[in-house]
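Read off the chains here:
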Amino acid sequence: MTIFDLNDKIDTLLVISQKNRRYFSRFDSTFGYLVITKTEKIFLTDHRYYEMAQEVATDFEVRVVGRYTLQATLNEILQRVGAKNVGYEDSELTVAEFESIKKILPDFNFVAVGEQLAEIKKYKQPYEIECVCKAQAITDKTFSQILDCIKEGMTEKQLSVKLQCLLLQNGGDKNSFDPIVSFGENTSKPHAHPTDRVLKKGDNVLMDFGCIVDGYCSDMTRTVFFGQPDQQIKNIYQMVLEAQQNVLANVKNGMACNQVDEFARQIFRKYGVEDKFTHALGHGLGVDIHEIPSMHPKCDVILQPDMFVTVEPGLYYPGIGGVRIEDLILIEQYSIKNLTTSDKNIIIIE
Ligand SMILES: [Mn+2]
């Protein structure tokens, strides 16, 4: 499936954003333009990237362009390929960027294709699946190593740095997002920023982290206990685990996201704690850490083979703490593949 199958109004796609340039060409650069038609693929970039782009973006004709020659070169190429209706990334460009593009390319009609691009990116190619699997394997390995690094008196920030070092040492190219690391009462904030809060016996420790390998993200969350937890937070953990297991046992190809979300919510409803699950069940990922679909009660996107989604129920009690457990799954025709292999039974670090 290509963009031209999803939008028959356009004859050419102009890619400007770094993420989508990376997506289509597999080459990461801070400056460049892709011109894609049904038969031609051209990568314009400057001298800093020219040689590398030729090596990596092998199915593109790579051409050098400077900031001062951009207008003339883009016009010349678009005319040569016979462009009339040019698809552009309305969901990636700023208003100013789009205005400036229209100004330097006045002879072409621009058509917004952001939604169709997201639709294409939703289904992963074998190469993309391989990258995400590698990234998640590194993330699981990092989790197994971080448990030995959790020590009394360390701060959330220090644990976050340790996580990031391990992700890189294990082969990650960089973080897929700033890790969320929180202790004790701070774990009730689902997206807590690490602070100088010091780890004490009896705290729970929430870690949500991932890395990028060859442009593709991983994502996982585990909540562990430092010393014996009190019964209340242990109960919270068991409810979250039951909700996640109910999803993993039932999710399959062909289901709507809101149906899948309901598998978690029905467990929480049974215990009367539904109001403590305050976010969506999960999300797609790929070159971005959050891609479509978002699995929430109003999302009717159907899960289909070659889509990734995270499954991350959580319960949050302000002043007390929270628990989230997140796995990353790949939808396959007759089953699902859970990429996250780390243990989910209660882990108590003594
Ligand atoms: Mn996530």
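For the structure itself, consult the block above.
Residues numbered from 1 in each chain as written. Predicted model: local features only at pLDDT ≥ 70, side-chain atom pairs only at ≥ 80, totals over all residues. Heavy atoms only, no water.

Student: Any chance you could explain the layout of surface pockets here in plain terms?
Tutor: Over the atoms rolls a probe the size of a water molecule, and its path tells where empty space is left. A volume near 560 Å³ is recorded for the largest pocket. What lines the largest pocket is a set of 24 residues, among which Tyr23, Phe24, Lys41, Asp59 and Gln125 lie closest to the centre. Of all the secondary-structure elements, those providing two or more residues to the lining of the largest pocket are α1 (3-6), α2 (18-25), β2 (33-37) and α7 (126-146). Considering every element that reaches the lining of the largest pocket, the biggest residue donor is α2, with 3 residues. In terms of domain composition, the lining of the largest pocket takes at least three residues from each of domain 1 (3-120) and domain 2 (126-349). (1 Å grid on protein atoms, 1.4 Å probe; cavity = no way out; pocket = protein on both sides within 12 Å on 5 of 7 lines; lining within 4 Å. Points joined across faces, edges and corners; volume = space filled by probe spheres on them. Helix = DSSP H or I, 4+ residues; strand = E, 2+ residues; numbered from the N terminus. Domains from an automatic or database assignment.)

Student: Can you walk me through the sheet that holds strand β10 (residues 211-213) in this structure?
Tutor: Backbone hydrogen bonds are what pair the strands of a sheet, in a parallel or an antiparallel way. The strand order β7-β10-β11 describes an open sheet built from 3 strands, whose pairing is antiparallel. Each edge of the open sheet is held by one strand with a lone partner, namely β7 (174-175) and β11 (216-217). Pairing between β10 and β11: 2 bridges, direction antiparallel. In the strand pairing of β11, Ile212 is matched with Cys217. (Pairing = 2+ DSSP bridges.)

Student: Sorry, what's going on with helix α10 (residues 257-270) here?
Tutor: Residue pairs three or four apart in sequence face the same way in an α-helix, which turns once every 3.6 residues. Between its first and last C-alpha atoms α10 spans 20 Å; for 14 residues at 1.5 Å apiece the expected length is 20 Å, and the two agree. At Phe263, α10 is deflected by roughly 30 degrees, the largest bend along its length. Among the residues making up α10, those that are buried are Cys257, Val260, Asp261, Phe263, Ala264, Arg265, Ile267 and Phe268. Taken together, the buried residues of α10 touch α9 (231-250), β14 (291-295) and β16 (314-317). (Expected span 1.5 Å × (residues − 1). Bend = angle between axes of the 7 residues up to and from the residue. Buried < 20%, exposed > 50% of the residue type's maximum accessible area, 1.4 Å probe, protein only. Contact = heavy atoms within 4.5 Å.)

Student: Explanation requested: the packing of aromatic side chains in the structure shown.
Tutor: For any pair of aromatic rings, the description rests on two quantities: the centre-to-centre distance and the angle between the ring planes. Tallying each qualifying case throughout the model produces 11 aromatic pairs. Ring centres of Tyr23 and Phe24 lie 5.0 Å apart, and the angle between their planes is 85 degrees; this geometry places the pair in the edge-to-face category. The buried category is assigned to Tyr23, whose relative accessible area is 12%. Looking at Phe24, the relative accessible area reads 23%, which means it is partly exposed. Between Tyr127 and Tyr216, the aromatic rings sit 6.3 Å apart at their centres with planes inclined by 90 degrees, giving edge-to-face as the arrangement. With Tyr127 in helix α7 and Tyr216 in strand β11, this pair connects stretches of sequence that are 89 residues apart. By relative accessible area, Tyr127 is classed as partly exposed at 24%. Here the aromatic cluster, defined as three or more aromatic residues joined through ring pairs, consists of Phe27, Phe43, Tyr49 and Phe60. Between Arg26 and the ring centre of Tyr127, over which it is positioned, the NZ or CZ distance is 3.5 Å. (Phe/Tyr/Trp six-rings, centres within 6.5 Å; stacked < 30°, edge-to-face > 60°. Lys NZ or Arg CZ within 6 Å of the ring centre and 35° of its normal.)

Student: Whenever I open this one, the nonpolar core confuses me. Can you help?
Tutor: Among soluble globular proteins, nonpolar side chains are generally buried collectively. Residues Leu303 and Leu315 are the most contacted members of the largest nonpolar core, which totals 34 residues. The set of elements that each furnish at least two residues to this core consists of α9, α10, β15 (308-311), β16 and β18 (327-331). Examining the composition of this core, we find that 9 residues originate from one element, α9, more than from any other. Sequence-distant contacts of Leu303, that is, excluding residues within four places in its chain, are made with Val251, Lys252, Asn253, Gly254, Met255, Cys257, Val260, Pro293, Met295, Val309 and Ile331. (Core = buried A, V, L, I, M, F, W, Y, C linked by side-chain atoms within 4.5 Å.)

Student: Explanation requested: the sheet that holds strand β6 (residues 109-112) in the structure shown.
Tutor: One open sheet accounts for 6 strands, arranged β4-β3-β2-β1-β5-β6; its pairing is mixed. Edge positions in the sheet fall to β4 (61-64) and β6, since each of these pairs with one other strand and no more. Adjacent strand axes in the sheet meet at a mean angle of 25 degrees, parallel and antiparallel pairs treated alike. Inspection of the sheet shows strand β1 (residues 12-15) paired to strand β5 (residues 85-88) by 2 bridges, in the parallel sense. Bridge pairing in β5 places Leu13 opposite Gly87. Packed onto the sheet, α2 meets β1, β2 and β3 (41-45) and runs at close to 50 degrees relative to β2. (Axes fitted to C-alpha atoms, helices over the stretch in contact; angles between N-to-C directions.)

Student: Can you walk me through unusual backbone geometry in this structure?
Tutor: Trans is the common state for peptide bonds, and a negative phi is the common state for residues other than glycine. Following Ile292, the chain continues to Pro293 via a peptide bond in cis, the omega torsion being 0 degrees. Structurally, the position occupied by Pro293 is in strand β14. One non-glycine residue, Asp214, lies in positive phi territory at about 50 degrees. On the basis of relative accessible area, Asp214 is assigned to the partly exposed category, the value being 35%. Despite not being glycine, Asp306 has its phi angle at roughly 75 degrees, a positive value. When you line up the elements, Asp306 lands in the loop between β14 and β15. Residue classification places Asp306 among the partly exposed residues on the basis of a relative accessible area of 34%.

Student: So what exactly am I meant to see when it comes to the side chain of Gln244 here?
Tutor: With respect to the secondary-structure elements, Gln244 resides in helix α9. Of the residues examined, Gln244 reaches a relative accessible area of 0% and is grouped as buried. Those residues in contact with Gln244 that lie beyond four places of it in its chain are Val311, Pro313, Ile325, Glu326, Asp327 and Lys344.

Student: Sorry, what's going on with the pairing of β15 here?
Tutor: The side chains of a regular strand alternate between both faces of the sheet. In β15, alternate side chains face the same way, and those of Phe308 and Thr310 on one face and Val309 and Val311 on the other are all buried. Pairing analysis gives 4 bridges linking β15 to β18, with the strands arranged antiparallel. Considered in β18, the bridge of Val309 is made with Ile329.

In short, shape yes, function no, at least from these values alone.
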